[in-house]
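# Summary of the model geometry
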Amino acid sequence: MNSTVSFFYFLSFLTVLSAVMVVVSRNPIHSVLYLILTFFTLSGHYILLNAQFLAAVNIIVYAGAIMVLFLFVIMFLNMKQDNEESKTNLTKIAATIVGGTVFVILFGAYRKTAIAPFNPEQYDSQVGMIESLGKLLFRDYLLPFELASILLLVAMVGAVMLGKREIGERHF
Amino acid sequence: MDLTEFLVKTATIFVVFVLTLVIAMYSTWAERKVAGFIQDRSGPNRAGWGGLLQPMADAGKMFFKEDFIPALANKWLFIAGPSLAMLTAMLASAVIPFGSTIRVAGHEVAMQGVESNIGILYVFGVVALGVYGIMVGGWASNNKFSLLGAIRAASQNISYEVAMGLSLIAILMMSSSLSLGEIVAQQHGMNWNIFYQPLGFIIFITCSFAECNRVPFDLPECETELVGGYHTEYGSMKLGFYLFAEYINMFISSAIISVLYFGGYNYPGMDFVYQQLVKALGADTGHNVATLIGTAVFFGKALFFIFFYMWVRWTIPRFRYDQLMNLGWKKLIPLAIFNIIITGAAVLFLKPLVTAWLN
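Summary of the structure given here.

### Structural notes on the overall build of chain A
Within chain A, the regular secondary structure consists of six helices and zero strands. Reading the secondary structure of chain A in the N-to-C direction produces α-α-α-α-α-α. For 172 residues, the compact-globule estimate of 2.2 N^0.38 gives 16 Å, and chain A exceeds it by more than 25% at 21 Å. Structurally, chain A occupies a C-alpha span of about 65 × 45 × 30 Å along its principal axes. Per-residue burial for chain A yields a buried fraction of 20% across its 172 residues.

Quick look at the structure:
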């Protein structure tokens with residue numbers, strides 16, 4: 001087994017382990033921290049695929065920004081471990097059924113998928129680099145890219161509208 | 001990768017690591033010396049000549065203090081907080097180009113830990129992670145003041161990251177590369193970015209003050225409102241790590257500022273010095289000595305910015321929290337977007353005109 005493959009197995013093991021720990025942890029803060037670890041290992045996978053830009057952006061956006069907001073909310077909610085038992089058996093059964101269905105669907109889809117034949121000799125290793133990614137985005141996929149950015153702008157304007165200070169006295 | 005290359009890389013990273021730690025250590029000494037100078041007193045002068053052993057004495061004191069963990073604190077996260085702060089502070093030093101290359105027996109060894117084509121994004125990602133050390137530590141202390149301090153620090157960091165990223169984009173539009181080595185190489189011959197990006201530089205340095213939690217943005221540890229901020233419950237070497245991480249961050253951001261805006265290891269008359277050295281000492285030795293001079297220039301620039309941090313600390317009073325947020329969101333971000341538009345217009349229209357006029 002060459003070093004890339006063994007490294008891939010090590011990373012995959014870490015990814016699955018930390019993803020399982022996200023679900024298993026009793027403490028929500030621990031879950032969030034394990035989720036951050038999962039994002040890191042996913043970035044490791046991107047680097048193995050030579051997609052360095054994607055790896056960096058995954059860290060910046062998910063681990064650096066979104067998970068910080070998750071942590072914010074969970075820290076302020078101050079959830080204690082003992083009121084976790086308040087879930088009824090019905091909720092648990094429903095959750096199990098839903099989760100199991102999603103698993104079956106994913107597994108079925110995975111089994112039916114045929115991976116396109118792939119030739120390592122002709123593969124362009126530079127395809128994940130930022131230069132080729134930028135060319136692809138701004139030449140071939142310019143319209144979808146701009147539409148996505150307009151969508152994001154609209155979402156941002158909406159968020160600003162929701163978070164706007166209400167008329168009346170200030171509370172700080 | 002063959003073994004020699006691997007060993008050389010390991011050695012480079014080790015040297016970078018040690019240099020960062022030593023500079024951060026002596027920044028604590030320099031901070032007190034500068035404070036003493038500005039306040040017209042002598043500062044530390046007992047331990048060693050001019051107080052030079054003071055950082056050692058402080059480290060010894062920190063190590064021998066009682067290592068106390070509060071009873072209701074989350075033990076593992078309480079320990080993980082300062083470790084994360086140190087880790088994220090140290091990580092960014094790997095991609096900083098300290099000089100051009102050293103030639104040893106026909107091999108070129110770059111004076112840079114890792115040359116990556118996403119260098120600046122890597123730095124930005126690591127800076128974004130710096131929040132976790134503070135947040136985890138503040139939450140794990142199980143103290144309301146610590147939590148509030150941590151939340152303050154984190155919201156300050158993520159607010160100023162936005163303006164910082166936007167001011168970086170203007171640089172990237174000019175260099176059309178994300179690699180720090182490439183950005184420095186393009187500034188050869190007094191093409192320093194500060195002449196093209198004065199507004200971007202001001203935004204960037206303001207944001208880096210806020211990212212390092214330095215005065216005038218040191219609200220996370222505002223004594224009058226929050227006791228000691230996020231490290232209220234910390235003592236011993238864990239507190240030491242938090243304080244030390246701040247100095248490492250200061251050095252890293254000074255180095256990044258000199259790389260991005262002040263040409264890194266480039267200095268005026270560089271080519272002339274290089275030719276003279278090659279003529280006098282032969283191709284290899286001359287090249288190496290020229291590289292070392294460049295590295296010294298780079299450290300001179302970085303140390304100047306560390307001094308600038310200290311100078312500002314003892315000159316400007318602290319902002320109020322709403323002033324800080326207004327500055328970040330309502331002034332710096334629009335300014336940074338304006339800077340991007342100006343830069344884009346200049347690259348598209350002004351640059352061809354000037355090039356045509358010069359030829």
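What follows picks up the thread again.
### Some details on the interface of chain A and chain B
Between chain A and chain B, the contact holds 25 residues from the first and 22 residues from the second. With both chains or domains summed, chain A and chain B bury close to 2,000 Å², and 79% of this area falls on carbon and sulfur atoms. Broken down residue by residue, the surface that chain A buries against chain B is led by A:Ile60, A:Phe72 and A:Met75, which jointly contribute 28%. On the surface where chain A and chain B come into contact, there are zero salt bridges. Run the count over chain A and chain B and you get two residue pairs in polar contact (both at pLDDT 80 or more). Those elements that provide at least two residues to the side of chain A that touches chain B are helix 2 (28-48), helix 3 (52-77) and helix 5 (130-140) of chain A. Take the side of chain A that touches chain B: its biggest share by element is 14 residues, from helix 3 of chain A.

About the thresholds
- Per chain, the residues get numbers from 1 upward, laid out in the order the sequence is written.
- Ligands are numbered from 1 and chains lettered from A, in the order in which they are written.
- At least 70 in pLDDT is required for a residue's local features to be given in this predicted model, at least 80 for side-chain atom pairs to be given and counted, and no such filter applies to totals for whole chains, interfaces and linings, which use all residues.
- Water and hydrogen atoms play no part in the side-chain values, which are based on all heavy atoms of the structure.
- For helices the rule is a DSSP run of H or I covering at least 4 residues; for strands it is a run of E covering at least 2, with both sets numbered from the N terminus onward.
- For this measure, only C-alpha atoms enter the radius of gyration; the expected value for a globule follows 2.2 Å times N^0.38, where N is the number of residues.
- Categorising residues by exposure relies on relative accessible area from a 1.4 Å probe, with only protein chains included: less than 20% of the type maximum marks a residue as buried, more than 50% marks it as exposed, and the intermediate range marks it as partly exposed.
- Whether two residues are in contact is decided by their heavy atoms: any pair within 4.5 Å suffices.
- Buried area: the accessible area, evaluated with a 1.4 Å probe, that two parts lose upon being put together, summed over both parts.
- Whenever a carboxyl oxygen of Asp or Glu lies within 4 Å of a side-chain nitrogen of Lys or Arg, that contact is scored as a salt bridge.
- Polar contacts, as counted here, are pairs of nitrogen or oxygen atoms within 3.5 Å of one another; within protein the pair requires one atom able to donate a hydrogen and one able to accept it, and residues that are adjacent in sequence qualify only if both atoms are side-chain atoms.

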